Amino acid sequence: MHVTMIGAGYVGLVSGACFADFGHTVTCIDKDAGKIDRLRAGGIPIYEPGLDMLVASNVKAGRLFFDTDAAEAVRKADAVFIAVGTPSRRGDGHADLSYVYAAAEEIAELMDGFTVVVTKSTVPVGTGDEIERIIRAKRPDAQFAVVSNPEFLREGAAIEDFKRPDRVVVGVEDERARPVMTELYRPLFLNETPIVFTGRRTSELIKYAANAFLAMKITFINEMADLCEAVGADVQQVARGIGLDKRIGGKFLHAGPGYGGSCFPKDTLALVRTASDAGSPVRLIEATVQVNDDRKKAMAGKVSGAVSGDLAGKTVGVLGLTFKPNTDDMRDAPSLDIVPALQAMGAKVQAFDPEGTHEARQLLREVDFKDDPYAAAQGADVLVIITEWDQFRALDLHRVKEIMKAPVLVDLRNIYRPDEVRSRGFKYVSIGRA
Ligand code: NAD
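Residues numbered from 1 in each chain as written. Predicted model: local features only at pLDDT ≥ 70, side-chain atom pairs only at ≥ 80, totals over all residues. Heavy atoms only, no water.

**Topic: the sheet that holds strand β12 (residues 382-385)**
Condition: One requirement defines pairing of two strands: DSSP has to find at least two bridges between them. The numbering of helices and of strands both runs from the N terminus, where a helix is a DSSP run of H or I of at least 4 residues and a strand a run of E of at least 2. Only the stretch in contact is used when a helix axis is fitted, and all axes are lines through C-alpha atoms; the angle between N-to-C directions ranges over 0 to 180 degrees. Pairs of residues are marked as contacts when any of their non-hydrogen atoms sit within 4.5 Å.
Strands sit in the order β11-β10-β9-β12-β13-β14 across an open sheet of six strands; the sheet is parallel. Of all the strands in the sheet, the pair left with one neighbour each is β11 (367-369) and β14 (427-429). Direction aside, neighbouring strands of the sheet carry axes that sit 20° apart on average. Pairing of strand β9 (residues 315-319) with β12 involves four bridges; the strand directions are parallel. By the bridge assignment for β12, G317 is matched with L383. Sitting on the sheet, helix α13 (residues 283-306) touches β9, β12, β13 (408-411) and β14, and the angle it makes with β14 is about 165°. Contacting β9, β10 (348-352) and β11, helix α14 (residues 335-344) runs over the sheet at an angle of about 150° to β10.

**Notes on the nonpolar core**
How we decide: Among buried residues, those of type Ala, Val, Leu, Ile, Met, Phe, Trp, Tyr and Cys that are joined through side-chain atoms within 4.5 Å constitute a nonpolar core. A simple rule labels every residue: compare its accessible area, found with a 1.4 Å probe on the protein chains alone, to the largest value its type can have, and call it buried under 20%, exposed over 50%, or partly exposed in between.
The biggest cluster of nonpolar side chains holds 43 residues, and the ones touching the most others in it are F19, L51 and L184. With seven residues, the single largest contributor to this core is helix α1 (residues 10-21). With residues near it in sequence (within four places) discarded, L184 still touches M1, V3, F19, F22, H24, A79 and F81. Membership of the second largest hydrophobic core comes to 37 residues, among which are A239, A300, L321 and A351.

**Some details on the site of the ligand**
Worth spelling out the cut-off: Being near a molecule or strand, for a residue, means having at least one of its heavy atoms within 4 Å of it. Pairs of N or O atoms are called polar contacts if they sit within 3.5 Å, as long as, within protein, a hydrogen donor faces a hydrogen acceptor (for residues adjacent in sequence, only side-chain-to-side-chain pairs). The accessible surface values rely on the Shrake-Rupley method and a 1.4 Å probe; as for residues, cover is taken only from the protein chains in view. As a working rule, the residues Ala, Val, Leu, Ile, Met, Phe, Trp, Tyr, Cys and Pro are called nonpolar, Asp, Glu, Lys and Arg charged, and the rest polar, with Gly in that last group.
Close to the ligand lie 25 residues, the nearest being D30, K35, T86, E155 and K266. Here an oxygen atom of the ligand and a backbone polar atom of V11 are 2.8 Å apart. Burial of the ligand by the surrounding chains reaches 90%, relative to a free accessible area of 840 Å². Looking at the shell around the ligand residue by residue, the class counts come to nine nonpolar, seven polar and nine charged.

**Observations regarding the side chain of E155**
Within the fold, E155 resides in the loop between β6 (144-148) and α7 (158-163). Residue E155 is classed as buried on the basis of its relative accessible area of 10%. Within the structure, E155 has its side chain in polar contact with the side chain of S262 (distance 3.3 Å). Excluding its chain neighbours within four sequence positions, the residues that come into contact with E155 are Y10, E48, S262, F323, K324, T327, D329 and R331.

**Here we look at the side chain of T315**
Locating T315 in the fold gives a position in strand β9. Among the residues examined, T315 registers a relative accessible area of 10% and is labelled buried. Residues in contact with T315, not counting those within four places in the same chain, are K348, Q350, G379, A380, D381 and V382.

**Some details on the packing of helix α10 (residues 200-231) against helix α12 (residues 264-277)**
Stated formally: Reported orientations rely on four angle classes, namely roughly parallel under 35 degrees, roughly antiparallel over 145, roughly perpendicular from 65 to 115, and oblique for the rest. Crossings are assigned a handedness: left-handed for a near helix turned anticlockwise from the far helix by less than a right angle, right-handed for a clockwise turn.
Look at α10 against α12: their axes get within 9 Å of each other, and the N-to-C directions meet at 115°. Taken together, the axes of α10 and α12 lie roughly perpendicular to each other. Between α10 and α12 lies a crossing of left-handed hand. Contact residues: α10 offers L205, K207, Y208, N211, A212, L214, A215 and I218, while α12 offers F264, D267, T268, A270 and L271. Grouping the amino acids of the contact of α10 with α12 by side-chain chemistry returns nine nonpolar, two polar and two charged.

**A closer look at the domain arrangement of the protein**
Put simply, the rule reads: Those domain boundaries reflect an automatic or database domain assignment. A 1.4 Å probe defines the accessible area here, and the buried area is the portion of it lost by two parts on being joined, summed over both.
Domain parsing of the protein yields domain 1 (2-198) and domain 2 (232-434). Here the C-alpha centre of domain 2 lies 33 Å away from the C-alpha centre of domain 1. Counting residues at the interface gives 18 residues for domain 1 and 17 residues for domain 2. Overall, the association of domain 1 and domain 2 removes approximately 1300 Å² of surface from exposure, summing both partners, and the carbon and sulfur fraction of that is 49%.

**Quick notes on the pairing of strand β1 (residues 2-6)**
Among the five residues in β1, four count as buried, and that is most of the element. Here β1 pairs with strand β2 (residues 25-29) via five bridges, running parallel. Residue T4 lies in a different strand from β2, and its bridge partner there is T27. Relative to strand β4 (residues 79-82), β1 runs parallel, the two sharing four bridges. Directly across from V3, in β4, lies its bridge partner A79.

**Topic: the pattern of salt bridges**
This is how it is decided: The working definition used for a salt bridge is a side-chain nitrogen of Lys or Arg within 4 Å of a carboxyl oxygen of Asp or Glu.
The final tally for this structure, using the stated rule, is 29 salt bridges. Of the charged contacts in the structure, one is a salt bridge between K405 and D381, with a shortest N-O distance of 4.0 Å. Here the residue K405 occupies a position in the loop between α17 (397-403) and β13, and D381 occupies one in the loop between α16 (373-377) and β12, the gap between them amounting to 24 residues. Here the salt bridges do not stand alone but share partners, grouping D129, E132, R200 and R201 into one network.

**Structural notes on helix α2 (residues 33-40)**
Its side-chain oxygen 3.0 Å from the backbone nitrogen of G34, D32 forms the N-cap of α2. A positive backbone phi angle near 95° is found at G42, which sits one or two residues after α2.

**Quick notes on unusual backbone geometry**
In this structure, D332 takes a positive phi of about 50° despite not being glycine. Mapped onto the elements, D332 comes out in the loop between β9 and α14. Among the residues examined, D332 registers a relative accessible area of 40% and is labelled partly exposed. Positive phi outside glycine occurs at N414, with the angle close to 50°. You can see N414 is positioned in the loop between β13 and α18 (418-423).

Here it is, written out as structure tokens:
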């Protein structure tokens, strides 16, 4: 089949490359000419493990193309995916749908013959109806169906998630779209991946409900962590003790500095707004948003607490800036709250991140960016782990202690064992462990 992906970002590029790997002919369109030039030259504009090889092999096989101009690719396409950004709208927290609607206008102008228009971007309930209206208004004669097919991949494991998902959700209102979607996902049908066919509005809501639930689960264990600190319990063991219960499950029960990233913050907020507009408020999610915002802001206090409450003139070494490991994505990363708060308390910050430094330079001011974890620890009064990159899990603690001004480690991801670190002479502060 001929597939066109509008938007070649974290979702569009991965989905496009994976559909090409399934055997379809895919063109990824992006209006960012720099991105397309880079892809055409064999580069990858984002960091995602395995993506370079997947893109290269499918380009070589003649199944994957890149363009800034959508005309030919949309004209030929059996399915056109909209995979553009839906950030929080400034001021009110609703999803900003301007990119989605602009893409719909463009598709309407270009499409030729029966075309399935698929929304892969995360969009509020009713967006598919509006896309249909936009296309119909521009092209009353056009033969098309608008489908919702939300994406559940995780950055850092995106290819595996796309190719071996827990489920695929497809919201259709027009039965003509069903065989097209079935054919697109044929390898997954053969794998017996559950494919949930549903109505379009339901499909749109499933995506928000999934993200809101996961954000709430993280926030739940974060509050338990605070309680553990207050009463002398251990949140790791609480998480294990409840997570082994199959009704609860052990995933997303890692206490930390609060969730961030390109999805949870904006999607929880958008769901709150949708629900409030619909007169059916989601109070659990409202509380989740509030608790998480407060938590990210409170983390700097944990760092200052580790050095007697005074950070003025002190040097803080920071390990990890991206919102999670194995990505270069800095969108809504906890570090964007924590680092400025440390600076506001008078600290000098020196930081290292394996992949996020380029992006972080645009977002953080007056940070001394270093090239390796030991350089970030050098001369520091306290070292803070914000993101749990694998390479921080086995630091040479002896060396770290030697080069720091004072051996104080604040581990906001609980990647070390307290007894292990303390036995090496560190003052060690972690999350939810007495
Ligand atoms: P992104 O910002 O990385 O990519 C969006 C791309 O679309 C950009 O490269 C931009 O230049 C391009 N674009 C915007 N308008 C365009 C147009 N009219 N024509 C061509 N290109 C255009 O965003 P992303 O992280 O890939 O997210 C895309 C959507 O997928 C969002 O709705 C997001 O919520 C959802 N989503 C993201 C993830 C994730 O992990 N990043 C996971 C699941 C769902």
